[in-house]
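# Structural description and commentary
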Amino acid sequence: MASRTATKDIITLRGSAAIVSEFFGYAANSILYNRGVYPEESFGKVKKYGLPMLLTQDEGVKSFIANLTAQLSEWLETGKLQRVVLVIMSKATNEVLERWNFSIETDGEVVENGVSREKSDKEIMREIQAIMRQIASSITYLPCIDEPCVFDVLAYTDTDVAVPFTWIESDPKLIANPQMVKLHSFDTKIHKVDTLVSYKNDEWDED
Amino acid sequence: MDAGSLTSSNKYQSKCPDQRRTVRENLDRFIPNRSAMDFDYAHYMLTEGRKGKENPAASSPSKEAYRKQMAETLNINRTRILAFKNKPPTPVELIPQEFYSASIPQQSKASKPRRHIPQTSERTLDAPDLVDDYYLNLLDWGSSNVLAIALGGTVYLWDASDGSTSELVTLEDETGPVTSVSWAPDGRHIAIGLNNSDVQLWDSTANRLLRTLKGGHASRVGSLAWNNHVLTTGGMDGKIINNDVRVRSHIVETYRGHRQEVCGLKWSASGQQLASGGNDNLLHIWDRSSASSNSPTQWLHRMEDHTAAVKALAWCPFQGNLLASGGGGGDRCIKFWNTHTGACLNSVDTGSQVCALLWNKNERELLSSHGFTQNQLTLWKYPSMVKMAELTGHTSRVLFMAQSPDGCTVASAAGDETLRFWNVFGTPEVAAKPAPKAHPEPFAHLNRIR
């Protein structure tokens, strides 16, 4: 009995990368839904992380996110991904309105020596659940987005990463004088993901 | 903006008494044990900690945000930021666009999503006998939309509006070849610097030689720059002379500062400051107001940072005191200067000799032309200096670049004896619109030392 639980709680690099990249997929969907980037009708409900989650049904968005998570998972397995940023921009002016920033810290020892760590699935799920709840409740403090928006995803990688054929280098798309809110983080013991949302501050006045 | 500031910004993050980091052992003969000293903490207490006590508002969240943003900006140099080439589909609009245009006046009209930058030249012309000499300036595009190029001893005019070519003048062997051409601001008169140290002024419409400026230089005149009715000439003798072309004794001022050939010469848009670059690796800034004909004129600033000839010079069109300069084969750097203070703001190693620099008049972008190995034109985003495009096609170093009066097209002439036209700065339709209101740049609210 004891040995059974022990094997169950072991997490490998691959498993961790899968959890983290899957998290990004759901998080991106959730942000796109909650921030109204795509119309409400284009999302369908599924159950995940013990929560009702919304997933886009739009084929274009779906394949974009699928390609994204596939690539992220590859980078996560090599420990070369430092950060993923989902940027919401005004469609009209391309001005960056929100940046959803997921910083990733990778346990270098796991990548180098292929050792595994121990943490139960349940515990990780609970941490992710907390973040998802926060994303869903973010509409209460984030400024209203009252214009059509587009989104983009930036991946911050180590400089020695070869740029895949379908990717290009980008500028950071920063927001001037942003307001920042730190959300919960989760840790698979291999990848630690910190979530932070920064947004354009309208009330900010120059003194 | 180099390694020094990077490390200090990293340290900055740890300067908090709660997150004291153990100091790495750094021993020497005089202080054999530093274990009892925590420099980060000490520094924090001396500087930040005190500030916080005296003026609690100073360590406000906005300052923290600034620090974070700073760290993020600097981060560009250490990480790679990637994005998908294929962008996610834009959401289908349920509410018609007009509704938004009404609520957000102008903004949606001014939208300019991603400019397509053609990778190939729009047009290629032969330029036989173009002298492959880094130190000359043989290409200029005048305000009347006529491009002047010197091929050997002949100056040709190519009218960009109808594509017609005409010959302005062919010089005899003893005076030629032509070593520099420059249009006067009126787009009608053109100055031609010659190998025999003379400078000729021509009326391009009447095809007539107006006057010859003699006796200023001792050897060839490789660089020219106009400032209203003053024609500034730079010679192989290292002298820079201001010539008032209206008066009989035309030499108004002489700037002495270069020890070797002056190959780059540009007046700022305000006409107050002159930048000059030489084969002696020096870059000088001269101030018009402090110049006088009696005393030998002193430079305002002397920059010795380049390690090869400074030929490529470009004044920023949207920031009056910002100058970009490029170094030759041994230097390969593009440097940015505040010409008021003489401070170097940034330096980027391009990996290849910098032959010419041009700013985009409509966007915050800089175009540089290079030699070995790629012979490319590189478009940079300013100030991030992210490469936006590399335009290849020339098979030898791209010696000269000139920008059309509307600022959209760039002509480049290279050692491969071709003249190429690139639609790199956007289409004329886009430029014809009023430029979209620039987004406030990061830190715009902070006083900058520039």
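Residues numbered from 1 in each chain as written. Chains lettered and ligands numbered in written order. Predicted model: local features only at pLDDT ≥ 70, side-chain atom pairs only at ≥ 80, totals over all residues.

## What to know about the overall build of chain A
- The helix and strand tally for chain A stands at five helices and 10 strands.
- Here chain A holds 207 residues, and 40% of them are scored as buried. (Helix = DSSP H or I, 4+ residues; strand = E, 2+ residues; numbered from the N terminus. Buried ≥ 20, exposed ≤ 12 C-beta atoms within 10 Å, placed from the backbone.)

## Structural notes on the overall build of chain B
- Broken down by element type, chain B carries five helices and 29 strands.
- Residues counted as buried form 38% of the 450 residues belonging to chain B.
- Nonlocal contacts in chain B, meaning residues at least 24 apart in sequence, comprise 45% of its contacts between residues at least 6 apart. (Contact = placed C-beta atoms within 7 Å.)

## Let's talk about the sheet that holds strand β5 (residues 154–159) of chain B
Residues and elements named next belong to chain B.
- The four strands are arranged β3-β4-β5-β6 in an open sheet whose pairing can be described as antiparallel. Each having just a single partner strand, β3 (139–141) and β6 (165–170) make up the two edges of the open sheet. Direction aside, neighbouring strands of the sheet carry axes that sit 20° apart on average.
- Pairing of β5 with β6 involves five bridges; the strand directions are antiparallel. Bridged to T154 within β6 is T170. (Pairing = 2+ DSSP bridges. Axes fitted to C-alpha atoms, helices over the stretch in contact; angles between N-to-C directions.)

## As for unusual backbone geometry
All names here are of chain B.
- Between F372 and T373 the backbone carries a cis peptide bond, its omega angle lying at 10°.
- Cis rather than trans, the peptide bond between Y382 and P383 has omega equal to 5°.
- Within the fold, P383 resides in the loop between β25 (377–381) and β26 (387–391).
- One non-glycine residue, S197, lies in positive phi territory at about 85°.
- Along the chain, S197 falls in the loop between β8 (189–194) and β9 (199–203).
- For S197, a count of 21 C-beta atoms within 10 Å corresponds to the buried category.

## Some words on helix α3 (residues 59–78) of chain A
- Spanning 20 residues, α3 of chain A covers 29 Å between terminal C-alpha atoms, matching the ideal 28 Å at 1.5 Å per step.
- Restricting attention to buried positions, one finds in α3 of chain A the residues V61, F64, I65, L68, T69, L72, W75 and L76 of chain A. Angular distribution of buried residues about the axis of α3 of chain A spans 125°; they occupy a single face of the element. Set apart from the buried face of α3 of chain A by more than 90 degrees, the exposed residues are E59, A66 and A70 of chain A.
- On its buried face, α3 of chain A is in contact with α2 (13–34), β3 (51–56), β4 (81–90), β7 (149–158) and β10 (191–200) of chain A together with β1 (79–84) of chain B.
- Remark: G79 of chain A follows α3 of chain A within two positions and exhibits a positive phi of approximately 70°. (Expected span 1.5 Å × (residues − 1). Arc of directions from axis to C-beta.)

## Some words on the sheet that holds β1 of chain B
- Read from one edge to the other, the open sheet built from seven strands follows the order β8(A)-β1(B)-β7(A)-β4(A)-β5(A)-β10(A)-β9(A), with strand pairing classed as antiparallel. For this open sheet the edge positions go to β8 (167–169) and β9 (178–187) of chain A, each flanked by a neighbour on one side alone. With direction set aside, neighbouring strand axes in the sheet form an average angle of 25°.
- Both β7 of chain A and β1 of chain B contribute to a ladder of five bridges, which runs antiparallel. Bridging across to β1 of chain B, T157 of chain A finds its partner in R80 of chain B.

## Remarks on the packing of α2 of chain A against helix α5 (residues 121–137) of chain A
All names here are of chain A.
- In contact at an axis separation of 10 Å, α2 and α5 are set at 20° when each is read in the N-to-C sense. By the angle between their axes, α2 is roughly parallel relative to α5. The element α2 and its partner α5 pack so that their crossing is right-handed. Along the contact surface, α2 presents I19, F23, Y26, A27, S30, I31 and N34, while α5 presents I124, I128, M132, I135 and A136.
- Along the lines of polarity and charge, the residues of the contact of α2 with α5 split into 10 nonpolar, two polar and no charged. (Parallel < 35°, antiparallel > 145°, perpendicular 65-115°, else oblique. Left-handed = near helix turned anticlockwise from the far one by under 90°. Nonpolar A, V, L, I, M, F, W, Y, C, P; charged D, E, K, R; others polar.)

## Things to note about the pairing of strand β14 (residues 251–256) of chain B
Residues and elements named next belong to chain B.
- Summarising the sheet, strand β13 (residues 239–244) and β14 pair through five bridges and their orientation is antiparallel. Note that in β14 the partner of N243 across the bridge is I251.
- Between the antiparallel neighbours β13 and β14 lie six residues.

## What to know about the nonpolar core
- Of all hydrophobic cores here, the largest spans 87 residues; its most connected members are L138, A148, I149, I192, L357, A411 and A413 of chain B.
- In this structure, I192 of chain B is in contact with V155, V178, V181, V199, Q200 and W202 of chain B, ignoring residues within four places of it in sequence.
- Formed by 56 residues, the second largest nonpolar core is a distinct cluster that contains L68, I135 and V197 of chain A together with I81 of chain B. (Core = buried A, V, L, I, M, F, W, Y, C linked by C-beta atoms within 7 Å.)

## Let's talk about the environment of G393 of chain B
Residue and element names in this part refer to chain B.
- Relative to the helices and strands, G393 resides in the loop between β26 and β27 (398–403).
- Exposure remark for G393: the 18 C-beta atoms within 10 Å place this residue in the partly exposed category.
- It is 9.8 Å that separates the C-alpha atoms of G393 and T124, two residues lying 269 residues apart in sequence.

## Points about the environment of P405 of chain B
Residues and elements named next belong to chain B.
- Considering the arrangement of structural elements, one finds P405 in the loop between β27 and β28 (410–414).
- For P405, a count of 16 C-beta atoms within 10 Å puts it in the partly exposed group.
- Sequence separation between P405 and G187 is 218 residues, and the spatial gap between their C-alpha atoms is 9.9 Å.
- In this view, P405 contacts W141, S143 and N145; residues no more than four positions away in its chain are not counted.

## Re the packing of α2 of chain A against α3 of chain A
All names here are of chain A.
- At their nearest, the axes of α2 and α3 sit 9 Å apart, and the two run at 150° to each other. When the interaxial angle is binned, α2 and α3 end up roughly antiparallel. Helix-helix and strand crossings are classified by hand; for α2 and α3 the assignment is right-handed. Of the residues in α3, those touching α2 at L13, R14, A17, A18, V20, S21, E22, F24, G25, A28 and N29 are I65, T69, L72, S73, L76 and E77.
- In the contact of α2 with α3, the residues fall into nine nonpolar, five polar and three charged.

## Topic: the UniProt feature "repeat: WD" (unreviewed entry) in chain B
- Under the local residue numbering, the UniProt record ascribes the feature "repeat: WD" (unreviewed entry) to residues 171–212, 255–296 and 391–424 of chain B.
- In residues 391–424 of chain B, the share of helix is 0% and the share of strand is 50%. The end C-alpha atoms are 9 Å apart. (UniProt positions renumbered as here; feature names shortened; annotations may be inferred.)

## Focus on the confidence of the model for chain B
Residue and element names in this part refer to chain B.
- When pLDDT is averaged along chain B, the result is 79; 71% of the residues meet or exceed 70.
- This stretch, residues 52–58, has a pLDDT under 50; its non-local contacts, to residues over four places away or in other chains, come to four contacts.
- Below pLDDT 50 for its whole length, residues 95–112 participates in 18 contacts with residues either more than four positions away or in separate chains.
- Here the predicted complex scores 0.52 on pTM and 0.81 on ipTM. (pLDDT = per-residue confidence, 0-100.)

## Comments concerning the pairing of strand β23 (residues 354–359) of chain B
Residues and elements named next belong to chain B.
- Of all six residues making up β23, six are buried, and the element is well covered by its neighbours.
- Across five bridges, β23 lies against strand β24 (residues 365–370) in antiparallel orientation. From the neighbouring strand, A356 faces β24, where its bridge partner is S369.
- Between β23 and β24, which pair antiparallel in sequence order, lie five residues.

## Section: the confidence of the model for chain A
- Per-residue confidence for chain A averages 86 on the pLDDT scale, and 93% of its residues sit at or above 70.
- Note that pLDDT drops below 50 for residues 1–6 of chain A; the model gives that stretch zero contacts with residues more than four away or on any other chain.

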